[in-house]
Each structure stands twice: as structure tokens, then as C-alpha cells.
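So the chains spell out like this:
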Amino acid sequence: MKKGDILEGVIGKIDFPNKGKICLEDHVITVKNGIPGQKVRFVINKKRGGRMEGRLLDVLEKSPLEMRNPVCSVFPECGGCMYQTMPYEEQLKMKSTQVRELIEAALVEGRQLDAEGKPDYIFDGIKGSPQEFGYRNKMEFSFGDEYKDGPLALGLHKKGSTYDVVNITDCQLVHEDFNRIVKAVLEYCKEQGFSYYHKVRHEGFLRHLLVRRAQTTGEILVNLVTTGEQDHDWTALGQRLKTLELEGKIVGFLHIRNDSLADVVRSDETTVIWGQDYFYETILSLKFKISPFSFFQTNSQGAEVLYGTARDYIGSTKNMTVFDLYSGTGTIAQMVAPIAKKVIGVEIVEEAVEAAKENAALNGLHNCEFIAGDVLKVIDEIEEKPDFIILDPPRDGIHPKALPKIIEYGVDRMVYISCKPTSLARDIRVFLENGYRVERLTCVDMFCETVHVETVCLLSKKCPI
């Protein structure tokens, strides 16, 4: 086998997040974006030593696990979700197995074993989302074209592509309100003859459409992201959005200028065209004010399951000083604050910190302090010492230089919430090396139909021998 060879094979197991394994001629080839049991055609595009990777070209035969018809018109082209043809129960089984294998490999390596040599911890399985479809409260749509020099498109990237964008008019991961807004914005931008931003040439106008919608209140924030290449009066589009027939209600329309070279949704300047730059959501009877870039779980009902699980793992925080590191808009901090002595949240996004302060005041919580800054630096400046630590880092996990500082506090117990099990498994190895053990762990599926999953892990300090 060599690079460029086109082969056929059946996908066996899939390692997190989407690494399918195909066995051919005593070789194991990794092919992404498939489903277990599919017969596929692929091309070898990487070969290093005995390791090979292939790029999926075609699905020749469906998997026996594909027992449902697609629910959207662009499956499987769209890279937004992969598993919608699998029954939800099968998705949960697969994700649970993936996480368990990752964590137990870390425990075996760290010698956290029982008398029979098996990983010594409690695995509490996986909890599904209360809502399988229409659950996302936030979506970043991209402007582009479906093929080179094609008409303007607004949607999500094609599966396996960094550049091609497929038009999305009936996405099933979001409420129908999202689809109506996307149609209206695309129609307007086509009428105006706007160009989209070319990521290679670094030129063009339209970049993203960021839509956020509260599941409990139905309040919607529409954020149009462009470069500063040209000026435009967005009043007419704002009026068009006001007239849309929606189940929810648009409470704000914003124009965001972003001249960053990176393909990220960020703001160099934000202008409110009309309305306000925030909306409200309710989680576990707590009210949260959310702005365009505030971190907030993308599945509100799933977040109740996630945070309820975390609260059970945390247990009583009575009279404790609790550190909530990577605190976002302060959801977890406010969940434990009512009986804690004090909760200190640290978050690098200043906008999220301001929202967290407002949210705490909104919920009548006066023992929360939120600090804007990098956890790596801020924990050196905090005078208080924690009795309990909650960790909810971004996808890449805890900064390797911050981890020893967190461990140095020597708290008896911590809860680590992770949206990327591979990052969690890596960090667990460090905790095990430094006197901690995994007590229990559970998965929460916040991202139905996709490859992602949340994990909640309870760590405790080992008793000295």
C-alpha cells in the first residue's frame, strides 16, 4: 500500500471522535467521517512508518446500524452531523464505549487498578439529551460557495472540507426559527451582490451568521459578521428580519466587524442595528443573561442534565470556598453558591465575566466573585485557598503549566467537566501521577447526531499509605 492508492474496506470500530478503523492486508487504516459497518471507498492520503490514514471518497454499502432515513436534505454532504441515520440508542452506546476505553487506558497506565487488575473506578454510563433534534441554541453559519466560483451559499462546511460551504435550509439540529433567519439573510445578501470572505486570499466581505436562541424564553440574537472591506446600512435587512414569522422573537440584530485572518467568529467592532445585544435563558431555575460571545452550553435542556450530574458529583459545598475555573457565564458557580461560603470564578473572556457578574446579581447571589483572566496567571494572584475545585476547560483541556498549580492546592476533591474526552484522558494521567484518583465518571450527550460528547469526572486525593 502506498500514498494515492484507492481502496475499499469495511469500517470496524470508531475511536473518538470520528476515527474509523479499517483492517486490510494486516494493516489498520484510519478513515474519518464514517459509521461502523459501512463499506467505503477511500484514498490513502497519509503514510508514516506503519501508520496510514485514508480520506473517505464514497459509501458503497450502508452500515447495518443505519436503520433510519436522513432527516435533512443535505445529509451526508454536510459536516454538521454524521450519525442521524443511526438510532439514538446506538449513538449513545458508541460514545459511551469510546469514552470508557480512553479513560480506562489512562487508569491502566496510571496503575489505578483493583485486585483483579481492572480499572478501579465507577463508570456511571451515559445520559442522553432530553431533546434529540432541534436542541442547539447557538449556530455559526458560514458564507462561501458550494463549489469553486459558485453562487453565494450560507450554511455549514461540507464534510471533510475547510472551504466548501453547503447551503442549509432545513438543519434539524436547530429550531426552525434558525432556518427561516438563514433564508432571509442569504436572500438579502444575494440581492445586494455581496462577496464572501476568501480564507486563502484574505479578501471579501461576508464571513459568518451567528444565531443564538434561548430554549426557555424563545429570545433570539442575530449577529451578522463581515470584514471591514465595505460599509453598508443594514437597516433594511433589520426590518426584513422583524417581519419574519417566527415561533420565538428576535430581540437584537447586530453587525460585527471581524478583520482577523483566522477563520474564527470574533469582534473588532460590534454595532447594534436594532434591539439589544443580549438575551435571557433559564437553567435549573437560574436566569442567565447571554451576550454574543458568552460561553454557554449549546444544548439548554442537556445542560440541565450535565449540571445536575455535576451537582450530584460535587455534593455539599457548605461553608466551602469553591474555585470554578474556566467559569464562562458562571452557570456552575451559581449552582453551588447558595450554600457555599464563597465561589470564585475565573474566565478569560471578559464579556462572559461581565455577564456572570450580572447573572449572579440577577439571581440574588452575593457570594460569587468573577475574575477576568487566564487561569494560568490568575490563580497566582488569588489570595484565598479553595476547599473544592470545579474545572470546565475549553476543548483542548487544561494548560499544561496551569495543571501543576491546580494540583498544588491539594484539595480533597475536584470535579472536571470535559467536552473532549481525549483532553480529559491526557489530564487524568497527570492527576494520577500527582496523588489523585478517578472516583467516578459519566458521559452526557449534549451533541446528538455528532461525534462530540461531554464527560463529568470526580477526582479525589489518594489517602497516604
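Before any of the text, the structure's been laid out above.
The text that follows walks through the structure, step by step, so that each part is easy to find.

What counts and how
- Residues numbered from 1 in each chain as written.
- Predicted model: local features only at pLDDT ≥ 70, side-chain atom pairs only at ≥ 80, totals over all residues.
- Heavy atoms only, no water.
- 1 Å grid on protein atoms, 1.4 Å probe; cavity = no way out; pocket = protein on both sides within 12 Å on 5 of 7 lines; lining within 4 Å.
- Points joined across faces, edges and corners; volume = space filled by probe spheres on them.
- Helix = DSSP H or I, 4+ residues; strand = E, 2+ residues; numbered from the N terminus.
- Nonpolar A, V, L, I, M, F, W, Y, C, P; charged D, E, K, R; others polar.
- Pairing = 2+ DSSP bridges.
- Axes fitted to C-alpha atoms, helices over the stretch in contact; angles between N-to-C directions.
- Contact = heavy atoms within 4.5 Å.
- Parallel < 35°, antiparallel > 145°, perpendicular 65-115°, else oblique.
- Left-handed = near helix turned anticlockwise from the far one by under 90°.
- Core = buried A, V, L, I, M, F, W, Y, C linked by side-chain atoms within 4.5 Å.
- Buried < 20%, exposed > 50% of the residue type's maximum accessible area, 1.4 Å probe, protein only.

**Section: the layout of surface pockets**
Leftover empty space is mapped by rolling, across the atoms, a probe with the size of a water molecule. The space that makes up the second largest pocket amounts to roughly 610 Å³. Together, 25 residues line the second largest pocket, and Lys32, Asn33, Leu56, Leu57 and Lys159 are the ones closest to its centre. Only strand S4 (27–32), strand S5 (39–48) and strand S6 (51–61) provide two or more residues apiece to the lining of the second largest pocket. Considering every element that reaches the lining of the second largest pocket, the biggest residue donor is S6, with seven residues. Among the residues forming the lining of the second largest pocket, the class breakdown is eight nonpolar, eight polar and nine charged.

**Regarding the sheet that holds strand S8 (residues 138–145)**
Sheet architecture is open: seven strands sit in the order S10-S9-S8-S11-S12-S13-S14, paired in mixed fashion. Edge positions in the sheet fall to strand S10 (165–167) and strand S14 (269–275), since each has one partner strand and no second. Pairs of neighbouring strands in the sheet enclose a mean axial angle of 35 degrees, with direction left out of account. In this structure, strand S12 (residues 219–226) lies alongside strand S13 (residues 249–257), joined through eight bridges in parallel fashion. Paired with Asn223 across the bridge in S13 is Leu254. Helix-sheet contacts for helix H2 (residues 176–192) involve S8, strand S9 (152–157), S10, strand S11 (206–213), S12 and S13, and the interaxial angle to S11 is about 155 degrees. Against the sheet, helix H3 (residues 235–242) makes contact with S12, S13 and S14, and its axis sits at roughly 155 degrees relative to S13, the strand it touches most.

**A look at the packing of H2 against H3**
Describing two packed helices takes the angle between their axes plus the distance from one axis to the other. One can describe the packing of H2 onto H3 by two numbers: an axis separation of 10 Å at closest approach and a directional angle of 150 degrees. With respect to each other, H2 and H3 are oriented roughly antiparallel. Considering how the two elements wind past one another, H2 and H3 form a crossing that is right-handed. Seen from H2, the contacting residues are Ile181, Ala184, Val185, Glu187, Tyr188 and Glu191; seen from H3, they are Ala236, Leu237, Arg240 and Leu241.

**Observations concerning the nonpolar core**
Within the largest apolar cluster, 83 residues are counted, with the highest numbers of intra-cluster contacts made by Phe141, Phe143, Ile181, Val185, Leu209, Trp234 and Leu241. With eight residues, the single largest contributor to this core is H2. For Leu209, the contacting residues outside a window of four places in its chain are Met139, Glu140, Phe141, Phe143, Leu154, Ile181, Val182, Val185, Val222, Asn223 and Leu224.

None of the figures reported here should be taken as evidence of function without further support.
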